[in-house]
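Fold and geometry: a report
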Amino acid sequence: MAASDQRKAAGKLLLSIFGGAQYTFSVHDGTEIVRSVRKGPPIHYLFEIDSFESFRNTLAAPNFDSTEFDVEGYRVLSIYPNGKQEDNGKDHISLYLKLVEKLGHGRSINATYKFFIYDYRRKIYLVVQELQVQHFDDIENEQGISRVLSLSNFTNTSNGFLMNDCCMFRVEVTTMNTIAQNACLRALNAQRDNTFSWPIQHFSKLNEDEYSDQFTMEGHSWKLLIHPRGFGSGKGKSLSMFLVLIDFSDLTNGRKLHARMELRLKNLRSGPHSSQIISAWYTRSFFSWGHDNVASLCDLHNLEKGFKIDDKLIVEVELKQLYLMKEN
């Protein structure tokens, strides 16, 4: 029997052992990627997402990284929820392992790994593995599988991978023996309206940067920062605004926040507001995010536009989504 036939037969046997699980796709696609099913969880790392679709639709970058886990040099699980386009992963779930720490000149790691997606309906794991040993070094520091599973099959409820918008990914680096580490990404404000308004008097007399009073959203302390005469690319031409996390020192042990927000200069008459929507990760090192060009200074000072009346204006931040990533 040929090797490909052996793998195919083995896959069918596993499916039969675990209750005759039938998916809407074949576990074999003719490539060197092996797919099987397994009851036992992997030993190394778990990453759970409880709002997959909403997070996928609000993510600004093509991928997001998990917290770090230690397998001879810290690694993260990098998830491309819309597929890694440059590796022919469009419309697929793409999963990659990324080396975080530098190995040093001339050093490298050869490793095999398996990716796991939990089937909530059948209480088993779909296991996806590339046969070849993968090479990691300081240049080639990311390896993975671009077409783990198509989005249509992943989101098909009959397959059981996405249950109430929750999903679970695991990874096992089979050549190492480490302590299991878990991480979870959870939405903090799925149903809330989080808007902070800051009325500003005597706008023309403000300094180069001005902070609002401290306020609380979703259990965290924040301040709005404005640059009345612009900052960065908006210097001299735009109103710049930033949302600053005050209690960033609480983001310990790999915890970080992903925020999707709208920074807004309100129109005090009936015209449209001027705003920018951004998405960003807040960490202990990066705790201030915003936009250099929230509103044109020409529009702001044009009284007919309605943004400023009697040297008064109102700026706002609306926290549309906030996610917490933490190790369990």
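The shown structure was predicted, so the numbers you read here are calculated from the model rather than taken from an experiment.

1. Things to note about the overall build of the protein chain
From N to C terminus, the protein chain includes four helices and 22 strands. Restricting the contact set of the protein chain to residue pairs at least 6 apart, pairs at least 24 apart contribute 68%. Roughly 15600 Å² of accessible area belongs to the protein chain as shown, and the carbon and sulfur atoms make up 47% of that amount.

2. As for unusual backbone geometry
If a residue is not glycine, its phi is most likely negative; likewise, a peptide bond is most likely trans. Backbone geometry places Asn 164, a non-glycine residue, at a positive phi of 55°. Examined against the element boundaries, Asn 164 turns out to sit in the loop between helix H3 (151-155) and strand E12 (167-173). Here Asn 164 falls in the exposed class, since its relative accessible area comes to 70%. Although it is not a glycine, Asp 310 sits at a positive phi angle of roughly 55°. Given the relative accessible area of 74%, Asp 310 is considered exposed.

3. Quick look at the environment of Phe 169
Secondary-structure assignment places Phe 169 in strand E12. With a relative accessible area of 0%, Phe 169 lands in the buried category. Taking the C-alpha atoms as reference, Phe 169 lies 5.2 Å from Phe 47; in sequence the two are 122 residues apart. If we ignore the near neighbours within four places in the chain, the residues touching Phe 169 are Tyr 45, Leu 46, Phe 47, Ile 49, Leu 77, Ile 79, Ile 93, Leu 95, Phe 116, Ile 117 and Phe 154.

4. Some points on the pattern of salt bridges
Inspection of the entire model under this criterion finds 16 salt bridges. Between Arg 186 and Glu 48 there is a salt bridge, with the nearest N and O atoms lying 3.7 Å from each other. Taken as a pair, Arg 186 in strand E13 (residues 181-187) and Glu 48 in strand E2 (residues 45-49) lie far apart in primary sequence, 138 residues in all. The partner of Asp 50 in a salt bridge is Arg 186, and the shortest N-O contact between them spans 3.6 Å. Linking Asp 50 in the loop between E2 and helix H2 (52-58) with Arg 186 in strand E13, this pair joins segments that are 136 residues apart in sequence. Each member of the salt-bridge network shares a partner with another, and the members are Glu 262, Arg 264, Lys 266, Glu 316, Glu 318 and Lys 320.

5. Some thoughts on the pairing of E12
Among the seven residues in E12, seven count as buried, and that is most of the element. Strand direction decides the pairing type here: E2 and E12, joined by five bridges, are antiparallel. Its bridge partner being in E12, Glu 48 is matched across the sheet by Met 168. Relative to E12, strand E8 (residues 113-119) is paired through five bridges, and the arrangement is antiparallel. What sits directly across from Phe 115, in E12, is Val 171.

6. What to know about the nonpolar core
It is characteristic of soluble globular proteins that their nonpolar side chains tend to be buried jointly. Within the largest apolar cluster, 39 residues are counted, with the highest numbers of intra-cluster contacts made by Phe 47, Ile 49, Phe 64, Phe 154, Phe 169 and Leu 185. Not counting residues up to four positions away in its chain, the partners in contact with Phe 47 are Phe 64, Ser 66, Leu 77, Ile 79, Cys 167, Met 168, Phe 169, Ala 183, Cys 184, Leu 185 and Met 325. By size, the runner-up hydrophobic cluster in this structure holds 33 residues, among which are Ile 200, Phe 215, Leu 251 and Leu 313.

7. Quick word on the packing of aromatic side chains
Ring pairs (aromatic) are described by centroid distance and by the angle formed between their planes. In total, this model carries 13 aromatic pairs according to the counting rule given. Ring centres of Phe 154 and Phe 161 lie 6.5 Å apart, and the angle between their planes is 0°; this geometry places the pair in the stacked category. Taken together, a centroid distance of 3.8 Å and an interplanar angle of 10° make the contact between Phe 196 and Phe 215 stacked. A residue pair is termed long-range when its members are at least 10 positions apart, and Phe 196 in strand E14 (residues 194-200) and Phe 215 in strand E16 (residues 215-217) qualify at 19 residues. Across from the ring centre of Tyr 96, 4.3 Å away, lies the NZ or CZ of Lys 84, which sits over that ring. Lying across the ring of Trp 281, Lys 256 places its NZ or CZ 4.8 Å from the centre.

Thresholds applied
Residues numbered from 1 in each chain as written. Predicted model: local features only at pLDDT ≥ 70, side-chain atom pairs only at ≥ 80, totals over all residues. Heavy atoms only, no water. Helix = DSSP H or I, 4+ residues; strand = E, 2+ residues; numbered from the N terminus. Contact = heavy atoms within 4.5 Å. Areas by Shrake-Rupley, 256 points an atom, 1.4 Å probe, with all protein chains shown as cover. Buried < 20%, exposed > 50% of the residue type's maximum accessible area, 1.4 Å probe, protein only. Salt bridge = Lys/Arg side-chain N within 4 Å of Asp/Glu carboxyl O. Pairing = 2+ DSSP bridges. Core = buried A, V, L, I, M, F, W, Y, C linked by side-chain atoms within 4.5 Å. Phe/Tyr/Trp six-rings, centres within 6.5 Å; stacked < 30°, edge-to-face > 60°. Lys NZ or Arg CZ within 6 Å of the ring centre and 35° of its normal.

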